[in-house]
Structures are given as structure tokens and as C-alpha cells.
Amino acid sequence: MAIDTDTAIDTDKLNAFMGKMVGDFGAAMSASSMLVGDKLGLYKVLAEKGPMNSTALAEATGTAERYIREWLATQAASGYVDYDPDRKTFSMQPEQALALANEESPFFMAAIGNLVAAAFLDEPKISDAFKSGKGVGWNRRSECLFCGTARFFRTSYKHHLVQEWLPALDGVVEKLQRGASVVDIGCGHGVSTRFLAEAFPKSRFFGFDYHEGSIDAARLAAREAALGDRVTFDVHSAKTYPGSGYDLVCFFDCLHDMGDPVGALKHVRETLASDGTCMLVEPFANDRLEDNLNPVGRVFYASSTMICTPASLDQEVGLALGAQAGEARLREVARQAGLSRFRRAADTPFNLILEARI
Ligand SMILES: C[S@@+](CC[C@H](N)C(=O)[O-])C[C@H]1O[C@@H](n2cnc3c(N)ncnc32)[C@H](O)[C@@H]1O
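Residues numbered from 1 in each chain as written. Predicted model: local features only at pLDDT ≥ 70, side-chain atom pairs only at ≥ 80, totals over all residues. Heavy atoms only, no water.

### Topic: the packing of aromatic side chains
Item 1. Scanning all chains against the criterion turns up 11 aromatic pairs.
Item 2. Geometrically, the ring pair formed by Tyr157 and Trp165 is edge-to-face, given 6.2 Å between the ring centres and 75° between the ring planes. Of the two residues examined, Tyr157 and Trp165, each falls in the buried class. (Phe/Tyr/Trp six-rings, centres within 6.5 Å; stacked < 30°, edge-to-face > 60°. Buried < 20%, exposed > 50% of the residue type's maximum accessible area, 1.4 Å probe, protein only.)

Written out as C-alpha cells, the structure is:
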């Protein structure tokens, strides 16, 4: 492309922007190698057994040395592992291991490889949808989106749900300890449902999702966790799930994915006990676009473009709140559904925890 000589180009600005683009290019390209490292257990073994060279890591993981040598170089250039040029060995610092090697840590991030893969695999459908204006439902997505979502959100649920989010709700922990009935709608693989059930053995939990494959996975995981009949999973949409008199209805990162969030919350109003609570866990967002133009907002707007907005547009009403709806917009949705008592109960850099009541 010819450069328009009439347009003044600030060379410093151009260099800075090209530097940013190279950084982004490297992050995008190395995301797939993060997926390889996560899938093949390379980070885990390096964190446990390092410092080690490529031959030792290949032997310990049953992989081919030449591939491992290139992978390690990518990781070192990314700053994900350290390289010692004198010994020609690679290792992981504790902080790198927390993010990439330890699935139980509060900082585990390696599951993002699955989500990035799903965004690329499904891109042709999304590009078509940009032109048609139609949606792309959860049932038309690549398999890695489901397990990536479950693994990515698990970290927050494991470390915040029972410890911080439930205690921030008015009187909910006491009810759960005594024995309450709880709905987890849009439960996906049921990770949140299982954490709740493990923490409150006197309560009864119903996980619902409109995606059959996710409910199958949730049932299997609950069986493996030996949670018995206190936890059941069934295919139902947010507007039609059965039962009434529930003490707690939870939406974990799914209200904004729904076509008709007002209709969904109206159904909550009809099925909730009069003193019951609806907990909305939504991606952290400020109310104004200009206040979300930061690294976390970037992640969520990108996810919203490729995942959440197409999901909502595929359903009736197609409100498409987007993953950065923000508290004020969500409050308005709850008000329209008749849940007029609404407050922010807690937040993390990634989550807004909102309490809605009749
Ligand atoms: C981003 S995933 C979150 C899954 C799970 N709550 C978690 O936190 O891991 C959104 C979920 O909402 C479900 N979903 C979307 N629209 C729905 C609807 N109208 N009724 C029930 N589930 C719905 C999808 O199938 C998907 O499992």
C-alpha cells in the first residue's frame, strides 16, 4: 500500500504502534503453543522437575525432543518460562507456575488456550453471522468452548464462591447450612453446582442448561464426585425450568448469553420463594464503554463478540446484552422483570456479583 505523503506520520507513534502489534502477534501465535503445553502437561512437569533441558522434558513427558526444543524457546521468548544460557536449561518461577502449571491455584490461566482455539475454530460461522445478523447458538460451537469455559471459570468459583460471594448475600449462607433448594441455571458442566453441593450437604441443587452436551458432562462429573441425589442436572431453558419456592437461583456468567434475560428473570421471580435470592455473577464491567477500554475489558469485549453476543442473538428476543453490560444495565433488566431490590454484593477484577430480590 502506498503511503499518502500528504498525511503527516508521527514516526514515534508509528513505531510504538508497530511494537504493540508485534507484541499482540506474538501473544496470538503463542496462544496455541500454550494450549499444547497445557494439554501435554509440559508446564506441570517443567514446574515440578525443572530446571531441565529439552531432552529431559521430552523424556519426562513422552514427547519428541525437537518439538519440545522449539516449544521451550517460544515459552522463554514469551516470558512464560526462564532460560539459563550457561546451563542451557529451562525452569519456571513460582509465579509462572501458579498461572500455567497449577490447576488448583487462584491464578490458573492456562485454560484460556481452549477458549482462544474455540474463537478461531468458529470464526467462519461468526463472520457469516456478521453479514446475516443471525446468531450462533451454544449448540453450534466447537467442543473446546465448553471445556474451556468450565476450566476457566472453575478457578474463580473454587476460590471465591463459597468463601466470599455467598457470604456477601443477605442471609443466604444460613439458609444453605440449614437446608435450602437451589437452582443453577445455565450451569454448563456444573462446576459451580458441584462446589455449592460439596459445601452445603443439607441443601438440594438443580442444575439446568439448554445445551444437552453440557448437561451430559455435568451429570458425569457429579456421578464421579459421588454427590448422590442431592444434585440433579436436566436440560431446560432459563424461561421454562420446573419447580417453585427456590431459596436461591444462580446465574453464573450466563444471563448476558441469553436471548431474553428479562424473560429469564421473570421466570426466576415466579419460581423464587418470596424471601428468596437471585445471584447474578457477570463479567466485571463499568457502565460506560470508555471505562472498559483496558486489558480486562479487551478480553471480555473480544469474548462477547465471538461467543456471547452470537449466543444471545440466536435465541428469542435476542437482546444481546453483551459481556460488558455493566451494573446499571443489569439493574434495569432485573427491574423490568420485577426484581426491584438490587445491589452489588461483591466484585473481583473479573466478576460482578449482584443480588436481586423481589
Ligand atoms: C458462558 S457459559 C457459562 C456456563 C457455566 N455457568 C459456567 O460458569 O461455567 C453460558 C451457559 O449458558 C447456557 N445458556 C445460554 N442460554 C441459555 C438459556 N436460554 N437457557 C439455559 N441455558 C442457557 C449455555 O448453554 C452455557 O452453558
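Resuming the write-up.
### Things to note about the side chain of Ser156
Item 1. Inspection of the secondary structure assignment puts Ser156 in helix H8 (residues 143–165).
Item 2. For Ser156, a relative accessible area of 15% translates into the label buried.
Item 3. Among the polar contacts listed, one links the side chain of Ser156 to the side chain of Asn351, at a separation of 3.4 Å.
Item 4. If we skip the residues at most four places from it in the chain, Ser156 touches Leu161, Trp165 and Asn351. (Helix = DSSP H or I, 4+ residues; strand = E, 2+ residues; numbered from the N terminus. Polar contact = N/O pair within 3.5 Å; in protein donor to acceptor, adjacent residues only side chain to side chain. Contact = heavy atoms within 4.5 Å.)

### Some thoughts on the site of the ligand
Item 1. Lining the immediate environment of the ligand, one finds 19 residues, of which Tyr157, Gly186, Asp209, Phe252 and Gln315 sit closest.
Item 2. A distance of 2.7 Å is found between a nitrogen atom of the ligand and a backbone nitrogen or oxygen belonging to Gly186.
Item 3. Ala238 is positioned such that a nitrogen or oxygen atom in its backbone is 3.0 Å from a nitrogen atom of the ligand.
Item 4. Notes on the ligand: free accessible area 590 Å², of which the protein chains cover 96%.
Item 5. A total of three residues in the shell around the ligand trace back to one element, the largest contributor, which is H8.
Item 6. By residue class, the composition of the shell around the ligand is nine nonpolar, seven polar and three charged. (Near = heavy atom within 4 Å. Areas by Shrake-Rupley, 256 points an atom, 1.4 Å probe, with all protein chains shown as cover. Nonpolar A, V, L, I, M, F, W, Y, C, P; charged D, E, K, R; others polar.)

### Structural notes on the environment of Leu115
Item 1. Along the chain, the position of Leu115 falls in helix H6 (residues 112–121).
Item 2. Taking the C-alpha atoms as reference points, Leu115 and Cys250, 135 residues apart in sequence, are found 23 Å from one another.
Item 3. When residues no more than four places from it in sequence are discounted, the contact partners of Leu115 are Leu145, Gly148, Thr149 and Phe152.

### So, the nonpolar core
The tendency in soluble globular proteins is for nonpolar side chains to be buried side by side.
Item 1. Within the largest apolar cluster, 72 residues are counted, with the highest numbers of intra-cluster contacts made by Leu161, Leu166, Leu176, Leu248 and Met279.
Item 2. Counting residues per element, this core draws most heavily on H8, at nine residues.
Item 3. Looking at this core, you find at least three residues from each of domain 1 (11–106) and domain 2 (114–357).
Item 4. The residues contacting Met279, other than those within four sequence positions of it, are Leu161, Leu166, Leu169, Leu248, Val249, Cys250, Phe251, Phe252, Ile353 and Leu354.
Item 5. The next biggest cluster of nonpolar side chains, apart from the first, holds 31 residues, and it includes Val183, Leu255, Met258 and Ala337. (Core = buried A, V, L, I, M, F, W, Y, C linked by side-chain atoms within 4.5 Å. Domains from an automatic or database assignment.)

### Observations regarding the environment of Arg269
Item 1. Relative to the assigned elements, Arg269 resides in helix H12 (residues 261–271).
Item 2. Accessibility expressed as a relative area gives 37% for Arg269, which makes it partly exposed.
Item 3. Linking Arg269 and Arg288, residues 19 residues apart in sequence, is a C-alpha distance of 28 Å.
Item 4. Look past the residues within four positions of Arg269 in its chain and what remains in contact with it is Ala337, Gly338, Leu339 and Ile358.

### Some thoughts on the state of the cysteines
Item 1. One pass over the full model with this rule turns up zero disulfides.
Item 2. Unpaired in this structure, Cys254 has its nearest cysteine sulfur neighbour in Cys187, at a distance of 8.6 Å.
Item 3. Its relative accessible area of 7% is what places Cys254 among the buried residues.
Item 4. No disulfide involves Cys308; its sulfur sits 11 Å from that of Cys254, the nearest cysteine. (Disulfide = S-S within 2.5 Å.)

### A word on the pairing of strand E9 (residues 351–357)
Item 1. Most of E9 is tucked away: seven of the seven residues are buried.
Item 2. Pairing of strand E7 (residues 272–283) with E9 involves six bridges; the strand directions are antiparallel. Counterpart to Leu280 in the pairing with E9 is Leu354.
Item 3. Inspection of the sheet shows strand E8 (residues 341–347) paired to E9 by six bridges, in the antiparallel sense. Its bridge partner being in E9, Arg341 is matched across the sheet by Arg357. (Pairing = 2+ DSSP bridges.)

### Concerning the domain arrangement of the chain
Item 1. Domain annotation for the chain reports domain 1 (11–106) and domain 2 (114–357).
Item 2. Taking only C-alpha atoms, the centre of domain 1 and the centre of domain 2 are 32 Å apart.
Item 3. When domain 1 packs against domain 2, the two sides together hide about 800 Å² of surface, and 39% of this comes from carbon and sulfur.
Item 4. It is Leu35, Glu103 and Glu104 that lose the most area in domain 1 upon contact with domain 2, and together they represent 52% of the buried surface on that side.
Item 5. At the junction of domain 1 with domain 2, the criterion picks out five salt bridges.
Item 6. Between domain 1 and domain 2 we count seven residue pairs in polar contact (both at pLDDT 80 or more) in total. (Buried area = accessible area lost by both parts, 1.4 Å probe. Salt bridge = Lys/Arg side-chain N within 4 Å of Asp/Glu carboxyl O.)

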